[in-house]
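Structural overview
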Amino acid sequence: MSRIVIVSNRTPGKGPAAGGLAVALKKVLGEREGFWFGWSGKLTDSPEQKARFEDIDGLHIAQIDLSPDDHRAYYSGFSNSILWPSFHLRLDLATIESHWYEGYRRVNAQFAKALMPLLKPDDVIWVHDYHLIPLASELRSLGAKNRIGFYLHIPFPTVDALYAIPHHGELMRDLSRYDLIGFQANRDVAAFTDFAEHQAPSTFGTRPTEALDFSKTEVAAFPIGSDPEAFARLSNSPAAKKMIHRMHRALGEQALILGVDRLDYSKGLPQRVEAYEKLLANNQRFRRNVHLLQVAPPSRDTIKEYQETSDTLDAICGRVMGRFAEPDWAPLTYVKRAYGQPSLAGLYRLARVALVTPLRDGMNLVAHEYVGAQDPENPGVLVLSRFAGAAEIFPEALLVNPFDTDETAEALRMALDMPLDERKARWQALMAAAETHNVDDWALSFLERLSPGIGEAGAGARDVIYMASVA
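**Quick word on the overall build of the protein**
Broken down by element type, the protein carries 17 helices and 15 strands. By its C-alpha atoms, the protein is 65 × 50 × 45 Å across when sized along the principal axes. Of all 471 residues assigned to the protein, the portion counted as buried reaches 57%. When contacts within the protein are restricted to residue pairs at least 6 apart in sequence, long-range pairs at least 24 apart make up 77% of them. Put simply, the protein shows about 19,700 Å² of open surface, and 50% of that area lies on carbon and sulfur atoms. Side chains of the protein carry 51 positive and 60 negative charges; the gap between the two charge centres is 3 Å.

**Some points on the sheet that holds strand S12 (residues 353-356)**
Across the sheet, six strands lie side by side as S11-S10-S9-S12-S13-S14; this open sheet has parallel pairing. Two strands lie at the open edges of the sheet, namely strand S11 (332-335) and strand S14 (398-400), each paired on one side alone. Between one strand axis and the next, the sheet turns through 15° on average, direction left out of account. As paired elements, strand S9 (residues 255-260) and S12 share two bridges and run parallel to each other. Note that in S12 the partner of Ile-257 across the bridge is Val-353. In this fold helix H13 (residues 365-373) packs onto S9, S12 and strand S13 (381-385), with an angle of close to 170° to the strand it touches most, S13.

**A closer look at the packing of helix H12 (residues 341-350) against H13**
Between H12 and H13, the shortest axis-to-axis distance is 8 Å and the interhelical angle comes to 70°. Taken together, the axis directions place H12 and H13 in an arrangement best described as roughly perpendicular. As for the relative orientation of H12 and H13, their crossing is right-handed in sense. Residues Gln-341, Ala-345, Tyr-348 and Arg-349 of H12 form the contact with H13, whose own contacting residues are Val-366, Glu-369, Tyr-370 and Ala-373. Of the residues in the contact of H12 with H13, the class split is five nonpolar, one polar and two charged.

**A few points about the side chain of Ser-385**
With respect to the helices, strands and loops of the structure, Ser-385 is situated in strand S13. At a separation of 2.9 Å, a polar atom in the side chain of Ser-385 contacts the main-chain amide nitrogen of Phe-387. Not counting chain neighbours up to four residues away, the residues in contact with Ser-385 comprise Val-356, Thr-357, Pro-358, Ala-391, Val-400 and Pro-402.

**Observations regarding the environment of Leu-263**
Looking at the element boundaries, Leu-263 is found in the loop between S9 and helix H10 (269-282). Sequence spacing of Leu-263 and Phe-78 is 185 residues, and the spatial spacing of their C-alpha atoms is 20 Å. The residues touching Leu-263, leaving out its near neighbours within four places in the chain, are Leu-269, Ala-296, Pro-297, Pro-298, Ser-299, Tyr-306, Thr-309, Ser-310, Leu-313 and Tyr-334.

**With respect to the nonpolar core**
Nonpolar side chains in soluble globular proteins tend to end up buried together. Val-7, Phe-37, Phe-111 and Phe-156 are the most contacted members of the largest nonpolar core, which totals 61 residues. If one sorts the elements of this core by residue count, helix H3 (residues 98-115) sits on top with eight residues. The residues touching Phe-156, leaving out its near neighbours within four places in the chain, are Phe-87, Leu-162, Met-172, Leu-175, Phe-183, Asp-188, Ala-191, Phe-192 and Arg-360.

**Description of the confidence of the model for the protein**
Across the protein, pLDDT averages 90, with 92% of residues at or above 70. Note on residues 457-471: pLDDT under 50 across the span, and 34 contacts to partners over four residues away in sequence or across chains.

**Here's the deal with the packing of aromatic side chains**
Under the criterion given, the structure shown has 24 aromatic pairs. Measuring from ring centre to ring centre gives 5.6 Å for Phe-183 and Phe-192, while their planes differ by 50°; the resulting arrangement is tilted. Residues Phe-183 and Phe-192 agree in their burial class; the two are buried. Every member of this aromatic cluster is reached through a ring pair, and the members are Phe-37, Tyr-74, Phe-78, Tyr-101, Tyr-104 and Phe-111.

**Side note on H10**
Here H10 is 14 residues long and its end C-alpha atoms lie 20 Å apart, about the 20 Å a rise of 1.5 Å per residue gives. For H10, the full list of buried residues reads Leu-269, Pro-270, Arg-272, Val-273, Ala-275, Tyr-276, Glu-277, Leu-279 and Leu-280. The elements touched by buried residues of H10 are S9, strand S10 (290-295), helix H11 (304-324), S11, S12 and helix H14 (405-417).

**Remarks on the pairing of strand S3 (residues 52-56)**
Direction of pairing for S3 relative to strand S4 (residues 59-66): antiparallel, over a ladder of five bridges. Note on S4: the bridge partner recorded for Glu-54 is Ile-61. Taking the residues that link successive antiparallel strands as the turn, the S3-S4 hairpin has two residues, and the phi of Asp-57 there is positive, at about 50°.

**Describing a positive patch on the surface**
On the surface, a cluster of positive charge is made up of Lys-242, Arg-246, Arg-249 and Arg-337. As for its position among the elements, Arg-246 is in helix H9 (residues 238-251).

**Here's the deal with unusual backbone geometry**
A positive phi is found at Leu-89, a non-glycine position, where the angle reads about 60°. Relative to the helices and strands, Leu-89 is located in the loop between helix H2 (68-87) and H3. Residue class for Leu-89 comes out partly exposed when judged on its relative accessible area of 36%. If you check the backbone angles, Arg-288 has positive phi at about 75° while not being a glycine.

Cut-offs and rules
- Residues numbered from 1 in each chain as written.
- Predicted model: local features only at pLDDT ≥ 70, side-chain atom pairs only at ≥ 80, totals over all residues.
- Heavy atoms only, no water.
- Helix = DSSP H or I, 4+ residues; strand = E, 2+ residues; numbered from the N terminus.
- Buried < 20%, exposed > 50% of the residue type's maximum accessible area, 1.4 Å probe, protein only.
- Contact = heavy atoms within 4.5 Å.
- Areas by Shrake-Rupley, 256 points an atom, 1.4 Å probe, with all protein chains shown as cover.
- Lys, Arg positive; Asp, Glu negative; His and termini not counted.
- Charge placed at Lys NZ, Arg CZ, Asp CG, Glu CD.
- Pairing = 2+ DSSP bridges.
- Axes fitted to C-alpha atoms, helices over the stretch in contact; angles between N-to-C directions.
- Parallel < 35°, antiparallel > 145°, perpendicular 65-115°, else oblique.
- Left-handed = near helix turned anticlockwise from the far one by under 90°.
- Nonpolar A, V, L, I, M, F, W, Y, C, P; charged D, E, K, R; others polar.
- Polar contact = N/O pair within 3.5 Å; in protein donor to acceptor, adjacent residues only side chain to side chain.
- Core = buried A, V, L, I, M, F, W, Y, C linked by side-chain atoms within 4.5 Å.
- pLDDT = per-residue confidence, 0-100.
- Phe/Tyr/Trp six-rings, centres within 6.5 Å; stacked < 30°, edge-to-face > 60°.
- Expected span 1.5 Å × (residues − 1).
- Patch = residues over 30% accessible without salt bridge, like charges linked within 9 Å, V, L, I, M, F, W, Y side chains within 5 Å.
- Salt bridge = Lys/Arg side-chain N within 4 Å of Asp/Glu carboxyl O.

Next comes the structure, spelled out in C-alpha cells:
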C-alpha cells in the first residue's frame, strides 16, 4: 500500500494532541505507513537543508528549522497578515509588504527541497492549509509526479477579495498543480469555481495573463468535524464533572451562556458581547438569572490587529460589567487562557446556550464539540453564525447574522426560553449531522478521493461529499 505523507506548517509535539484534527491525522498515520513533515517550531540563523526524523508518540516525524527572517515573512507576514484577513474578507485588516511574498515562496521552496529526497514514487502527499499553497508547484518543479492533495482549513475568499491579494494569479496557478483540493463548505467550492470559470484578464503591464487550467484538479467540499462520541464520553469524565461542580457552586441556578474561541478578529467577539448586552437591556427578567462565560486564549498576539481586538473586547466587557453588575452578581466572566478538552467538555455539558458567532469561519469545531457533549435528556441550544461553515450541516441551530447584534440578542432570548421538547428535537438532528461528519470519516474520505483504495472509507462517508470538477 502507498505511504501517506502529511505536510503542515507545524508538526505534532510530544504529549496528547490538542485538537480533533491532530488526533485524526495521528490515527491515519498510525494505521498506515508514512510520516508527517513540517516546521519543528525552532528558529536558527543557519537552518539545515535536510530534514531530521524523530519518533513522537509512535509517529514518524520529519522536521526542518526556519530562519527568524524567513519565518517572520512567511508566517506572521504573508500567511497571517495578508492571506488570513483576505480569506476572511477583512481586506481592511490586511497589511501588504512586498518582501513577505518572497519569504513565503522561499519557505515553501525550502519545504519542497527537504521533502523531495524523502519521497517514494507512489507516496500520496496531503498538504494542509494556507501556509503551504505553493508547495505542489515547488515539488512538481523538482520532478515530483506523486498524487498531491490540498485541504484548506479556512474559508476561500470571494473573487473580489481574491483579486486584492498580491500575486493571487501565481497562488491560483499553484493550486492548479494539486490533484485534489478540499474545502470546508459548498460556499468555498462555489467561490473557487466562480474564479475558475470567470477569470479576469490582467490589466497590469502589456502582456495578458494566460487563463489558468484547472481541468486536472478536482475540487470538493469535505466538511470536517470532531469526534462527537469522544466528547460525549469526555463530558462524563472526572475532570468534566469537577468543572461542572465548580460552575454550579459559582452560578447556582443561573443559565450559562458559553463562548469558546481563540482571541481572533474573525470570531466576532465584540459583537457577541454587545448582543449579550442588548439581551440584558431588553429583558430585565434575565438579569441575575443568566451568566456569559467567554473563554478566549490569545493567539498571534504579536500582530497589531489581534492586540486591537483584545483591547476592544476588554473595553466592551468592562462596559457591560459597569452597566449591569451588582455587588452579588456579575453578568459575565471573560477568561484569557485555554482549558483542556475534559474541562471544556464539562462547560459544554453545563451550558444552556453555546454562542458560536464568528464573522466568517471555515467550519468551527466548537459547534461540533458542543453538540457532542450535550445531555440527551436536557440538551442546550446552539446559536450559530450563518457565516460559519458549520451552518451548512447544522440548519437546526439558531442561525444568526453576527453583524446584527439585535438579531443575535433575540436568538439568545429564544434559546433561553426554548421548551425542552424543541431543544431535544433540534439537538437530535444536530447530533445526527455531527456523527455523519465526524473527523475520522472526513480524513478517510479525503484520502479515498485522492487515491482510491488508500482511505478505505465506507460508502456512507463518501455519499455526503459534494463534488465539483472544475474544467
